[in-house]
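What the coordinates show
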Amino acid sequence: MSAPPLPGYRHIYSGKIRDLYRPEGSDDRLLVVASDRISAYDHVLDTPIPDKGRILTAMSLWWFEQLADLMPNHVVSTDVPAAVTGRAVLVERLEMVPVECIARGYLTGSGLAEYRERGSVCGIPLPDGLQDGSRLPEPLFTPTTKAAMGEHDESVDFAYVVDVVGAELAERVRTLTLEAYARGEAIARERGIILADTKFEFGVRPDGSVVLADEVLTPDSSRFWPRDQWQPGRAQPSFDKQFVRDWLASPESGWDRSSDEPPPPLPDGIVERTRRRYVEAYERLTGDTFAQQVS
Ligand SMILES: CCOC(=O)Cn1cc(-c2ncnc(N)c2C#N)cn1
């Protein structure tokens with residue numbers, strides 16, 4: 001599903017999963033479009049997950065509302081072209097803070113690797129004895145650089161953020177990151193989902209105010225774990241991606257993850273079960289029913 005042409009909009013950027021357009025004649029608005037693409041093992045898969053873009057857009061909009069009393073956000077309107085209805089948002093064009101603002105409430109992935117090597121994450125010392133999936137004594141702000149497409153973001157310490165954006169803005173985005181994560185983690189936990197970590201992006205308005213942008217607390221920007229299966233000391237199952245990961249790692253797929261080969265297409269059953277997990281995550285979090293749009 002490549003970026004569809006949208007009359008009246010100019011396509012300006014494609015991420016792994018989402019595409020960015022600029023409305024013709026406007027220099028202070030952008031259109032963020034979520035595709036049905038899914039990535040696994042650092043590959044964007046050939047097989048789309050139907051409705052994934054709509055489900056995650058609805059989830060992100062819901063989270064912006066849950067956080068609106070804590071911080072302003074970039075959402076302007078959901079009045080978007082029919083071709084992308086339900087999976088696109090018109091947003092304020094901001095001066096983006098050039099740092100991925102990551103909050104971690106649990107230790108896993110690159111944070112765990114850094115902890116095992118140095119006993120710290122992003123320069124923050126941690127107690128001994130933490131395992132894969134351990135809940136951290138308190139959530140950490142663990143920023144990274146914004147790597148170019150296909151490159152890996154690099155973990156940096158707070159001093160780096162101060163160097164790049166200045167002390168005041170660095171403090172501000174750290175505070176907002178940790179506040180938004182704490183709110184999100186508490187809400188999700190009550191609903192049976194552990195938000196292990198998440199990535200926020202912030203932008204700055206011409207008046208200097210700092211605004212929550214990008215997507216928020218979705219399974220693409222966060223690790224979603226089923227709370228009832230949490231067991232520190234092993235890799236936790238992903239709420240949304242485990243069916244895909246297990247099938248790709250199974251002999252049935254015929255795929256060798258260590259090869260340079262792209263993953264094979266997903267079987268219909270894996271696609272449908274994955275779609276249902278996104279619907280389930282949305283419905284658990286919001287308490288609403290996801291209404292499949294009649295296309
Ligand atoms: C493909 C989706 O975009 C990204 O992946 C990251 N990104 C965000 C922007 C951005 N730029 C100015 N203003 C904004 N409100 C935003 C937002 N969101 C650019 N790239």
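Here the structure is a predicted model, which means the values were calculated and not measured.

Turning our eyes to something else, we now look at the environment of P5. Mapped onto the fold, P5 is located in the segment before strand 1 (9–14). Sequence separation of P5 and G233 is 228 residues, and the distance between their C-alpha atoms is 47 Å.

Moving on to the sheet that holds strand 6 (residues 75–77). Each strand in a sheet pairs with its neighbour through backbone hydrogen bonds, running either in the same direction (parallel) or in the opposite one (antiparallel). Ordered in space as 1-2-3-7-6, the five strands form an open sheet in which the pairing is antiparallel. Taken across any chain shown, the strands that pair with only one partner, and hence form the sheet edges, are strand 1 and strand 6. Here the average twist between neighbouring strands, direction ignored, is 40°. Looking at chain direction, strand 2 (residues 18–23) and strand 3 (residues 29–34) are connected through four bridges and run antiparallel. Among the inter-strand pairings, Y21 is bridged to a residue of strand 3, identified as L31.

Moving on to a nonpolar patch on the surface. Residues I12, Y13 and M149 make up a contiguous nonpolar surface patch of about 300 Å² in total accessible area. Residue position: M149 is located in the loop between strand 12 (135–141) and helix 3 (158–165).

The subject of this paragraph is the sheet that holds strand 13 (residues 193–200). The four strands are arranged 12-9-13-16 in an open sheet whose pairing can be described as antiparallel. Looking at strand neighbours, the two that pair on one side only are strand 12 and strand 16 (222–226), the edges of this open sheet. Taking each pair of neighbouring strands and ignoring which way they run, the sheet shows an average axis angle of 10°. As paired elements, strand 13 and strand 16 share five bridges and run antiparallel to each other. In the strand pairing of strand 16, I193 is matched with P226.

When the UniProt feature table is mapped to this numbering, "domain: SAICAR synthetase/ADE2 N-terminal" (unreviewed entry) covers residues 11–260. The span residues 11–260 is 26% helical and 26% strand by assignment, and the distance between its end C-alpha atoms comes to 30 Å.

Next up on the list: the packing of helix 5 (residues 242–249) against helix 6 (residues 268–286). Between helix 5 and helix 6, whose axes approach to 8 Å, the crossing angle comes to 155°. Put simply, helix 5 runs roughly antiparallel to helix 6. Only I270, R273, T274 and R277 of helix 6 make contact with helix 5, whose side of the interface consists of F243, V244 and W247. Here the residues of the contact of helix 5 with helix 6 are counted per class, giving four nonpolar, one polar and two charged.

In this structure, strand 1 lies alongside strand 2, joined through five bridges in antiparallel fashion. Across the sheet, residue H11 finds its bridge partner in strand 2, namely Y21. The turn joining strand 1 and strand 2, which pair antiparallel and follow one another in sequence, is formed by three residues.

Rules used throughout
- Residues numbered from 1 in each chain as written.
- Predicted model: local features only at pLDDT ≥ 70, side-chain atom pairs only at ≥ 80, totals over all residues.
- Heavy atoms only, no water.
- Helix = DSSP H or I, 4+ residues; strand = E, 2+ residues; numbered from the N terminus.
- Pairing = 2+ DSSP bridges.
- Axes fitted to C-alpha atoms, helices over the stretch in contact; angles between N-to-C directions.
- Patch = residues over 30% accessible without salt bridge, like charges linked within 9 Å, V, L, I, M, F, W, Y side chains within 5 Å.
- Areas by Shrake-Rupley, 256 points an atom, 1.4 Å probe, with all protein chains shown as cover.
- Salt bridge = Lys/Arg side-chain N within 4 Å of Asp/Glu carboxyl O.
- UniProt positions renumbered as here; feature names shortened; annotations may be inferred.
- Parallel < 35°, antiparallel > 145°, perpendicular 65-115°, else oblique.
- Contact = heavy atoms within 4.5 Å.
- Nonpolar A, V, L, I, M, F, W, Y, C, P; charged D, E, K, R; others polar.

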